[in-house]
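# Topology and contacts: notes
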Amino acid sequence: MTEERPGTAGSAALWERDTQLAAAERAIDALRADSASAGSLLLLTGEAGLGKTALMAETRRIAEKRNCTVWSARGGETLKSVPFNVVRQLLQPALLSLMPEEAREYLGDWYDIAGPALGIAEPGDRMADPQGVCDGLVAAVRRLAKRDWPLVLLIDDAHWADQETLRWLAAFAERLDDLSVLVVVARRPDEATGDSAAHLEAIARTAGPVAALDALTPVAAAGLTRATLGPHADGPFCREVWAVTAGNPYETVELLAKVQDAGLAPVEASCGSLRELNNSARGGGLVARLQDLGLAATRFAQAAAILGSGITVDLVARLATLGPNDAYRCANLLCTERILTEPDLRVGHITDSELEFVHPLIATAVYDSIPDGMRTAMHGIAAQVVTESGKGAAAASRHLLHVYPDDDEELVEQLREAAREHQMVGAPDAARRCLERALLEPPRPESHAHVLYELGCVTLLTSPATTIGHLQTALALPGLEGALRVDAIVRLSQALLHNNQMEEAVRTVEEEAARHQPGPARMRLQGAQFMLECLHGGDAPAPGRSERLADLARPCTGRDNSERALLMLRGFDAMTHGENAEEVVEVCDRALVNGRLAPGLGWTDPEWGIELLLMLACSYAYTDRLDRAEAFYTEALRAYETAGWSGGHLSLAHAYVGLGHRRRGRLREAETSLRESLRLAERVGRGLPLYWSATCNLVDTLLARGHVQDAWDIAEQYGFAPPYPSTIVLPEPRAVRGRLLLAVGRTKEGINELEAAEKAATARGFHNPVLATWSVDLARALATEDPLRAATLASDARRNAERFGTDTAIGEALRCAASLETGQRAVRLAAQAVAYLEASPCQYEHAAARVEYGILARSVAEIQRGLTLAKSCGADGLVAQARDVLETGRGLR
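Presented here is an overview of the structure given in this document. Because the structure is predicted, anything quoted here is derived from the model rather than measured.

### A look at the overall build of the chain
- If you tally the helices and strands in the chain, you get 44 helices and 7 strands.
- Residue burial in the chain is summarised as follows: out of 893 residues, 56% are buried.
- Relative to all contacts within the chain whose residues are 6 or more apart in sequence, the contacts with residues 24 or more apart total 67%.
- When the accessible surface of the chain is totalled, it reaches about 36600 Å², and 50% of it is carbon and sulfur.
- Within the chain, one finds 92 positive and 120 negative side-chain charges whose respective centroids are separated by 5 Å.

### Observations concerning unusual backbone geometry
- Here the amide bond leading from Trp149 into Pro150 is cis, since omega sits at -5°, within 30 degrees of zero.
- Its location among the elements puts Pro150 in the loop between helix H6 (130-148) and strand E3 (151-156).
- Residues Pro722 and Pro723 are joined by a peptide bond in cis, for which omega reads 0°.
- Mapped onto the elements, Pro723 comes out in the loop between helix H35 (708-717) and helix H36 (733-743).
- Residue Ala246 is not a glycine yet carries a positive backbone phi of 55°.

### Considering the nonpolar core
- Trp603, Tyr622, Tyr633, Val699 and Trp774 are the most contacted members of the largest nonpolar core, which has 162 residues in total.
- Ranked by the residues each element gives to this core, the list is headed by helix H30 (residues 610-621), at 10 residues.
- Apart from the residues within four sequence positions on either side, Tyr633 is in contact with Leu614, Ala617, Cys618, Ala621, Tyr656, Val657, Leu659 and Gly660.
- Residues Ala94, Ala161, Leu176 and Ala192 belong to the second largest nonpolar core, which totals 57 residues.

### Quick word on helix H20 (residues 409-424)
- For H20, which comprises 16 residues, the first-to-last C-alpha distance of 23 Å matches the rise-based estimate of 22 Å (1.5 Å per residue) to within 8%.
- Inspection of H20 places Glu409, Leu411, Val412, Leu415, Arg416, Ala418, Ala419, His422 and Gln423 among the buried residues, and these make up the whole buried set.
- Turning to H20, the residues buried within the fold contact helix H19 (392-400), helix H21 (428-440) and helix H22 (445-458).
- Its side-chain oxygen at 2.9 Å from the backbone nitrogen of Glu410, Asp408 defines the N-terminal cap of H20.
- Where H20 ends, the next residue or the one after it, Gly426, has phi of about 90°, a positive value.

### Observations regarding the pairing of E3
- Counting buried positions along E3 gives 6 out of 6 residues, so the element sits mostly inside the fold.
- Because side chains alternate across E3, one face comprises the buried residues Leu151, Leu153 and Ile155, and the other comprises Val152, Leu154 and Asp156, equally buried.
- Pairing between strand E2 (residues 69-74) and E3: 6 bridges, direction parallel. Directly across from Trp71, in E3, lies its bridge partner Leu153.
- One ladder, built from 5 bridges, connects E3 with strand E4 (residues 181-187); its direction is parallel. The residue of E4 that forms the bridge with Leu153 is Val183.
- Handedness of the β-α-β unit built from E3, helix H7 (residues 163-174) and E4 comes out right-handed.

### Let's talk about helix H27 (residues 545-553)
- The complete set of buried residues in H27 reads Arg545, Ser546, Leu549, Ala550 and Ala553. One side of H27 holds all its buried residues, which, seen down the axis, span an arc of 135°.
- Buried-residue contacts for H27 involve helix H26 (520-535), helix H28 (561-576), helix H29 (581-590) and helix H37 (747-764).

### Quick word on the side chain of Arg491
- Locating Arg491 in the fold gives a position in helix H24 (residues 482-498).
- Side chain to side chain, Arg491 and Asp487 meet in a polar contact 2.7 Å long.
- Ignoring sequence-local partners within four residues, the contact set of Arg491 consists of Tyr453, Cys457, Leu460, Leu471 and Pro606.

### Concerning the packing of aromatic side chains
- With the rule as written, the count across this model stands at 7 aromatic pairs.
- Geometrically, the ring pair formed by Tyr620 and Phe632 is stacked, given 6.1 Å between the ring centres and 15° between the ring planes. A residue pair is termed long-range when its members are at least 10 positions apart, and Tyr620 in helix H30 and Phe632 in helix H31 (residues 626-643) qualify at 12 residues. Both residues of the pair, Tyr620 and Phe632, count as buried.
- Seen in terms of ring centroids, Trp692 and Phe720 are 5.8 Å apart; in terms of plane orientation they differ by 55°. Their pairing is tilted.

### What to know about the environment of His199
- For His199, the position within the fold is in helix H8 (residues 194-205).
- Owing to a relative accessible area of 19%, His199 belongs among the buried residues under this scheme.
- For the pair His199 and Glu337, spaced 138 residues apart in sequence, the C-alpha separation works out to 37 Å.
- Setting aside its immediate chain neighbours within four residues, His199 contacts Gln163, Leu166, Arg167 and Ala170.

### Regarding the pairing of strand E1 (residues 40-45)
- E1 sits mainly inside the fold: 5 of its 6 residues count as buried.
- Here 2 bridges tie E1 to strand E5 (residues 211-212), and the two strands are oriented parallel to one another. Each residue of the ladder has a partner; that of Leu44, found in E5, is Ala211.

### Quick word on the sheet that holds E5
- On the basis of which strands lie adjacent, the open sheet formed by 5 strands has the order E2-E3-E4-E1-E5 and parallel pairing. Since the sheet does not close on itself, it has two edges, and those belong to E2 and E5, each with one partner.
- Running over the sheet, helix H2 (residues 52-65) touches E1, E2, E3 and E4 and is turned about 170° from E3.

### Some details on a negative patch on the surface
- A surface patch of negative charge is lined by Glu47, Glu77, Asp190, Glu191 and Asp368.
- Relative to the elements of secondary structure, Glu47 occurs in the loop between E1 and H2.
- By relative accessible area, Glu47 is classed as partly exposed at 45%.

### Comments concerning the packing of H29 against H30
- At a minimum axis distance of 10 Å, the contact between H29 and H30 shows a crossing angle of 145°. Between H29 and H30 lies a crossing whose hand is left-handed. In contact with Val584, Val585, Cys588 and Asp589 of H29, H30 contributes Leu616, Ser619 and Tyr620.
- Classifying every residue of the contact of H29 with H30 gives 5 nonpolar, 1 polar and 1 charged.

### Digging into the pattern of salt bridges
- Counting across every chain of the model gives 57 salt bridges.
- The shortest N-O distance in the salt bridge between Arg524 and Asp487 comes to 3.3 Å. Taken as a pair, Arg524 in helix H26 and Asp487 in helix H24 lie far apart in primary sequence, 37 residues in all.
- The class of Asp487 is buried, set by a relative accessible area of 12%.
- Here Glu838 and Arg850 are joined by a salt bridge, their closest N and O atoms 3.1 Å apart. Highlighted residues: Glu838 in helix H41 (residues 823-838) and Arg850 in helix H42 (residues 843-857), separated in sequence by 12 residues.
- Connected via shared salt-bridge partners are Glu413, Arg416, Glu417, Arg420 and Glu454.

The rules behind these values
- Residues numbered from 1 in each chain as written.
- Predicted model: local features only at pLDDT ≥ 70, side-chain atom pairs only at ≥ 80, totals over all residues.
- Heavy atoms only, no water.
- Helix = DSSP H or I, 4+ residues; strand = E, 2+ residues; numbered from the N terminus.
- Buried < 20%, exposed > 50% of the residue type's maximum accessible area, 1.4 Å probe, protein only.
- Contact = heavy atoms within 4.5 Å.
- Areas by Shrake-Rupley, 256 points an atom, 1.4 Å probe, with all protein chains shown as cover.
- Lys, Arg positive; Asp, Glu negative; His and termini not counted.
- Charge placed at Lys NZ, Arg CZ, Asp CG, Glu CD.
- Core = buried A, V, L, I, M, F, W, Y, C linked by side-chain atoms within 4.5 Å.
- Expected span 1.5 Å × (residues − 1).
- Polar contact = N/O pair within 3.5 Å; in protein donor to acceptor, adjacent residues only side chain to side chain.
- Pairing = 2+ DSSP bridges.
- Right-handed = clockwise from strand over helix to strand, strands pointing away.
- Arc of directions from axis to C-beta.
- Phe/Tyr/Trp six-rings, centres within 6.5 Å; stacked < 30°, edge-to-face > 60°.
- Axes fitted to C-alpha atoms, helices over the stretch in contact; angles between N-to-C directions.
- Patch = residues over 30% accessible without salt bridge, like charges linked within 9 Å, V, L, I, M, F, W, Y side chains within 5 Å.
- Salt bridge = Lys/Arg side-chain N within 4 Å of Asp/Glu carboxyl O.
- Left-handed = near helix turned anticlockwise from the far one by under 90°.
- Nonpolar A, V, L, I, M, F, W, Y, C, P; charged D, E, K, R; others polar.

In short, shape yes, function no, at least from these values alone.
What follows is the structure, encoded as structure tokens:
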């Protein structure tokens, strides 16, 4: 950079920014070269005033000159609590330019999910899933980007972006490999904290080399000074400009503008005035200069700083209590003084478009200059102004959060309404802030418990420990009665479950149930208690639990959802214990209405939750009614995709769709579904039961495919090893891990794991040999070293299978028995296994039985039939085994 570089004050912040500009130009050219090329992200970092905003503006100019579409947005220090603020700035203009039917066509199924968050559609009638909304926003940009390619997204002051926007941006940045979009993000380093900082770090990891901005060198400061004031500016004066501003481009530009306004000669004799002039452009000096413009202009600027966004002359005038003429005069004056700017500013006239502060530093200085009491009062008035303008409680809540507590029940109701609006668009953190503030007011006694209950519902999935405190306090206060109290108890039990307080969860619903007379409320609480106990995979259940559940469910006809829930729980309990499968199915069928889930018991209905319905579906899956099970699994998947629930619920749905494929013998399809489940589970967090469901089923499927090394790699990568979760996972993790250890040659460890599975299953009375496969696996493993015990295990498995009565259970028990025998007895048992498994819907087990029987009977025809079945299943290990025997051909007929 040289002093002779041509330039103007307008491009001052671009001095010594050639490297960053060249990177932007290369990225834009790469974007334009091929619509199928991968996208990219440029990250600009630097302290306040170092020229990030100027670089963003120049990037826009370069992109538009090259015929790119450019969308831009900016974070705001006082707007961080406004959910989706920045992403709305970014996308709303493009979407609002479309007709409503066009916007719906472009966004497709995501319109109803992401539309409310973007402010272009009304929220639905239930709470939105935050992860689903995030995915919907990603999909929205993906679809619009194809229409508007080449597309450049500019996000300035990302350190002040709202958390919901940063979550979306982090997710979007991860997908740039297959989307041709250029994203340019500017932020200050070390400004954000908590989740926002984590999202920004994730964004940074997807960027190319980070462009860190430094202060101007003395040479550049001198060049800028002469470009602005004229070549006659002398050396001492230029050095003093650099010293006073520390090379900060923004301060340098403002200082030179003040020199021009003051008519100061750029010579050494004027150096003494530079520091005072610089102070007038920042902090207290800026405030003093603002006050010199008069009381009305000061009030206008303060009102604009309070509003933060959506700054129009009309709104500011109402907040600052100025007449229209005074308001327009102040707006023009503040624009002339480079405090406010406005995109369509014309000489002497302010249009209806939104005003902005020239720089965030100015907005911060003005906001901070407002005395605390006055600032609080102005926020209260701003909330009223925003509400009266028709923007709703959620838009006003940002201001209500700043109002001093004053025992104002109307404010409490406004905050509760704002919380509901935030939840409907997928912003539970914003809802939490509103309800926490409402508690400080405080609410009146008659509504206090309701506010705590609502707050507990908001934090249920994100902070179980916090939820427990809120709901326990709410239940101790008067106000929660009837169905609402029952719902609070059930939610409290769920929070205790998620917080690993299983015993207290059970005791909570048990004690509450004892307070109620027989009826729907008591039955719901009893159902919740039994569901918790059914889900608990730890110690042995309380003595007589299954008998009590059976007695309670026996007279139930399914006349209401409480009875239906008990029937589902009874069916699942009977299935796990290996009771007669026909009776299990009869109980489950009574829980349905014309073969379908009853209203209020759907997959997205909140009263009972996903666990109960998965129990029902699994009861069908393990009683050989796979058509019914798969119908429920698929229904769940469609329901969550349609509703935009792409967090834990969708992960579980994919896991159980995979389980259905695995049971059916469609191993390739199972693997695909389970890998997607695991991908979604990773976003929710490791260690949760849903994470175990995805991992355990994937390992089980890979073992069935014969992909032993892949199964081991998955187990190692995702921590599929003890300690196991306290909730039930299907199939049983210890049994699957035991089989994995045997497959990789760690026989002793595998036997130990299967014996641990035996101990756990025996304690809980789990005798279904299809559900808990440890018995047949352990029998095969012990065949050589302990044949007597192996025979006993095989005999027990066969007895339990015949008691259960399904073709799959009996066929698998016979396969195991055949593997322990020799000669014609082994052949006869293997033939019987084939006969049962041929009638079973589980095609992988049928294929394995065919191959095993063919080998024992030395029958080429049977082996080939097994080989054909194995190929259709995707059981590569079984295929290889059959081919190897056929190729050797020894003793075959």
